[in-house]
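So you can see what is in the structure, the chains are spelled out below.
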Amino acid sequence: MRAVPDEVFSRITPLLGDDGARAHLRAALTHTSSLTLRAQTLRTSREALRDRLVEELPGATVTLGALSPWSLRVEGAGDPTRAPSWREGLFSIQDEAAQAVAAMTEARPGMRVLDVCAGRGGKTAAIATMLAGDGLLHAVDLHPEKLAKAREELARLGLDDGVRFAAFAADLSVGLGALAKAAPSEGYDVVLVDAPCSGLGTLARRPDAMLRLRDPAALDALVASQRAILERVAPLVKVGGALVWAVCTLTREEGDGVIDDVARAHPAYFGEVDARRVFTADRDGTDGFVAHRRVRAGAW
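This one's a predicted model, so the numbers in the text were calculated from it and none came from an experiment. (Residues numbered from 1 in each chain as written. Predicted model: local features only at pLDDT ≥ 70, side-chain atom pairs only at ≥ 80, totals over all residues. Heavy atoms only, no water.)

Participant: Tell me about the sheet that holds strand E7 (residues 164–169), residues and numbers included.
Facilitator: Sheets are built from strands that pair by backbone hydrogen bonding, the pairs being arranged parallel or antiparallel. Across the sheet, which stays open at both edges, the seven strands sit in the order E7-E6-E5-E8-E9-E11-E10 with mixed pairing between neighbours. In this open sheet, the two edge strands, each paired with only one partner strand, are E7 and strand E10 (270–279). Across the sheet, the mean angle from the axis of one strand to that of its neighbour is 15°, orientation sign disregarded. Pairing between E10 and strand E11 (residues 289–296): seven bridges, direction antiparallel. Within the sheet, the bridge partner assigned to Val-273 lies in E11 and is Arg-294. Each of strand E6 (136–141) and E7 touches helix H6 (residues 144–156); the most contacted strand, E7, lies at about 165° to it. (Pairing = 2+ DSSP bridges. Helix = DSSP H or I, 4+ residues; strand = E, 2+ residues; numbered from the N terminus. Axes fitted to C-alpha atoms, helices over the stretch in contact; angles between N-to-C directions. Contact = heavy atoms within 4.5 Å.)

What follows is the structure in structure tokens.
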């Protein structure tokens, strides 16, 4: 296993404990070449896609995942995008924990959903699958080029038909931008915030993330930005609607600290914790994620 800086280990242990942190880091930094796909289940079933991929990717082992209703785990496939089923838009490549976070939105046809910090649209596409051609789906990200990729992905998967989709480029740490006028006056049924973070859950693919904690002030600034984003978008959830907060890291400051601090500052808003999940490389075979699902109880 690669040497892990003390800054990384000391930041993860408050959430996982010493033994848990060691187990996660060992698994993350000695990972195998397996990857996870997300089936486009409006076009095919996981089982049918599994059988087809076995034929299209000779030598690959394909099994059903356990954490997501769409997931397939693949080993020995090489580049899965060479499969005809990729070109037909039957699957995407996405970590299974990220899929499970999207599933925590519990989006259903007819709902109004906001995907915050949407990036290239992996979770956006998963939510569009859940909406099944009926609903409102808004995506926001700082980078317009990432939102363009999200549009392309929805089109490739055939998810741009029926769902009312719109994308907005905005720095949510300072303002809502054009989303302020586009957001439904009655609020969103679900807001998913996959916040920018230190990325310590992605060490299997991005070991350079270990270098990000050498400056403690940088983490403090990041947490402050996360809180600003959360406080800006939380009021957009309707009363009775759900807020899902997720980070692909395992520091307590980012995973629990931000949403707990905001909950204490707005006690009338937050009801009981509906769900809290922690995903680790050793237990789940995924990126490290912390995700909370909270139901809005009252006024901001």
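Participant: Now, about the packing of helix H8 (residues 216–233) against helix H9 (residues 252–265): what can you tell me, with residues and values included?
Facilitator: The geometry of H8 relative to H9 is characterised by a closest axis approach of 10 Å and an angle of 45° between their N-to-C directions. Judged by the inter-axis angle, H8 sits oblique to H9. As H8 runs across H9, the sense of the crossing is right-handed. For the pair formed by H8 and H9, the contact residues are Leu-219, Leu-222, Val-223, Gln-226, Arg-227, Leu-230 and Glu-231 on the first element and Glu-253, Glu-254, Val-258, Ile-259, Asp-261, Val-262 and Ala-265 on the second. (Parallel < 35°, antiparallel > 145°, perpendicular 65-115°, else oblique. Left-handed = near helix turned anticlockwise from the far one by under 90°.)

Participant: I'd like to hear about the pattern of salt bridges, residue by residue, with values.
Facilitator: Where side chains of opposite charge bring their charged atoms close, a pairing between them can arise. Counted by the stated rule, this structure contains 20 salt bridges. Asp-51 is paired through a salt bridge with Arg-50; the nearest N and O atoms lie 3.2 Å apart. Overall, the relative accessible area of 44% leaves Asp-51 in the partly exposed class. The partly exposed category is assigned to Arg-50, whose relative accessible area is 25%. We note a salt bridge from Asp-287 to Arg-205, for which the minimum N-O separation is 2.3 Å. With Asp-287 in the loop between helix H10 (281–284) and E11 and Arg-205 in the loop between strand E8 (188–194) and H8, the pair connects residues that are 82 residues apart, well separated along the chain. Asp-287 sits in the buried class, given a relative accessible area of 6%. Judged by its relative accessible area of 47%, Arg-205 falls in the partly exposed class. By sharing partners, the salt bridges in this structure join Arg-112, Glu-186, Asp-189 and Lys-238 into a single network. (Salt bridge = Lys/Arg side-chain N within 4 Å of Asp/Glu carboxyl O. Buried < 20%, exposed > 50% of the residue type's maximum accessible area, 1.4 Å probe, protein only.)

Participant: So, the environment of Phe-9: which residues are in play, and what are the values?
Facilitator: Structurally, the position occupied by Phe-9 is in helix H1 (residues 6–29). Sequence-wise, Phe-9 and Lys-146 are 137 residues apart; in three dimensions their C-alpha atoms are separated by 31 Å. Ignoring anything within four residues of it in the chain, the contact list for Phe-9 reads Val-4, Asp-18, Ala-21, Arg-22 and Leu-25.

Participant: An account of the nonpolar core is needed here, citing residue identities and associated values.
Facilitator: With 77 residues, the main nonpolar core has Val-116, Val-191, Val-193 and Leu-243 as its most contacted residues. Excluding residues within four positions of it along the chain, Leu-243 makes contact with Val-191, Val-193, Leu-230, Ala-234, Val-237, Tyr-269, Phe-270, His-292, Arg-293 and Arg-294. With 14 residues, the next largest nonpolar core counts Leu-37, Ala-60, Val-62 and Leu-72 among its residues. (Core = buried A, V, L, I, M, F, W, Y, C linked by side-chain atoms within 4.5 Å.)

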